Each structure stands twice: as structure tokens, then as C-alpha cells.
Amino acid sequence: MENQFELALEGTILTIKLGEELATANATALMEEINNYRETGVKKVVFDATKLSYIASSGIRAIYYAKQKVAGNPAIEFINCAQNIRDVFEMVGIQDQITFVNK
């Protein structure tokens, strides 16, 4: 599996366009990429989940990593998150730390 994500920094917003899966095969690579933005003044991390159909526990860890490791404790936003993915966030109890937006 390829990494299945693209990162782009625009001002203080880091946008991460996710592919179909965020799992063990690519979550570590995503955390390494996020690490490159630790000292860039990011205030919000936006995950475009339009294509995302599966997230593993390692994927959730990558999302939480963005919240903890990017300077300033940025807001986390998920765009077009499928209900089954949102249910996973609710099961692990971090849905209150994420803003869900449909576009």
C-alpha cells in the first residue's frame, strides 16, 4: 500500500488529504510527515476524509499525534467523514476533540 495521503500547509492550516485507508501500513509515515510541521505555527489540522473508508487503531494514533505534537495544540477538523469512521472516534472517546464538517 502506498502512503495514501497528501499534506499541504497554507498559512496556519495544515491540510491532510487522506486516501481510502489509514492503517498500520501508512500511519507511521503520516506521523513522520506531521512531525515536519511541529514548529511551523499550525493552528488547525484539517483532515480531508472524503475517500477514507477504513481507519485502524494506528490511524487513530496518527490523528491524536497531530493534536499532541504540532505546536500550539491545534484544532482538529475532519471534512466529509463517513459515519462508520466517526463511529470509531466515538468508540475511543475522542470525538469531542474533533470538529466534523460536511462539504
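Residues numbered from 1 in each chain as written. Predicted model: local features only at pLDDT ≥ 70, side-chain atom pairs only at ≥ 80, totals over all residues. Heavy atoms only, no water.

Draft legend 1. Up close: the packing of aromatic side chains. Taken as a whole and judged by the stated rule, the model has four aromatic pairs. Measuring from ring centre to ring centre gives 5.0 Å for Phe-78 and Phe-89, while their planes differ by 65 degrees; the resulting arrangement is edge-to-face. Of this pair, Phe-78 sits in strand β6 (residues 75–79) while Phe-89 is found in helix α3 (residues 83–92), placing the two residues 11 residues apart along the sequence. With a centroid separation of 6.3 Å and an interplanar angle of 45 degrees, the aromatic rings of Phe-78 and Phe-100 are classed as tilted. (Phe/Tyr/Trp six-rings, centres within 6.5 Å; stacked < 30°, edge-to-face > 60°. Helix = DSSP H or I, 4+ residues; strand = E, 2+ residues; numbered from the N terminus.)

Draft legend 2. Broad picture of the pattern of salt bridges. Enumeration according to the criterion identifies two salt bridges in this entry. Two residues, Glu-77 and Lys-44, come together in a salt bridge whose shortest N-O distance is 3.5 Å. Linking Glu-77 in strand β6 with Lys-44 in strand β4 (residues 44–48), this pair joins segments that are 33 residues apart in sequence. Judged by relative accessible area, which is 13%, Glu-77 ranks as buried. Of the charged contacts, one joins Glu-90 and Arg-86 as a salt bridge, the two residues approaching to 3.9 Å between their closest N and O atoms. Note that Glu-90 and Arg-86 are positioned in helix α3 at a spacing of four residues, about one turn of the helix. In this structure Arg-86 comes out as partly exposed when scored by relative accessible area, which is 31%. (Salt bridge = Lys/Arg side-chain N within 4 Å of Asp/Glu carboxyl O. Buried < 20%, exposed > 50% of the residue type's maximum accessible area, 1.4 Å probe, protein only.)

Draft legend 3. Structural view of unusual backbone geometry. Even without being a glycine, Asn-80 presents a positive backbone phi close to 55 degrees. Its location among the elements puts Asn-80 in the loop between β6 and α3.

Draft legend 4. Molecular detail of the pairing of β4. Here β4 lies mainly inside the structure; four of its five residues are buried. Sheet topology note: the strand β2 (residues 13–18)/β4 ladder contains five bridges and is parallel. By the bridge assignment for β4, Ile-13 is matched with Lys-44. For β4 and β6, the ladder comprises five bridges, and the chain directions are parallel. Within the sheet, the bridge partner assigned to Val-46 lies in β6 and is Glu-77. (Pairing = 2+ DSSP bridges.)

Draft legend 5. Region of the structure containing α3. Looking at α3, one finds that the buried residues are Ile-85, Val-88 and Phe-89. Buried residues of α3, viewed axially, fall in a sector of 95 degrees; they line one side. Close packing links the buried residues of α3 with β5 (54–55), α2 (57–69), β6 and β7 (98–101). Count one or two residues on from α3 and you reach Gly-93, which has phi positive near 80 degrees. (Arc of directions from axis to C-beta. Contact = heavy atoms within 4.5 Å.)

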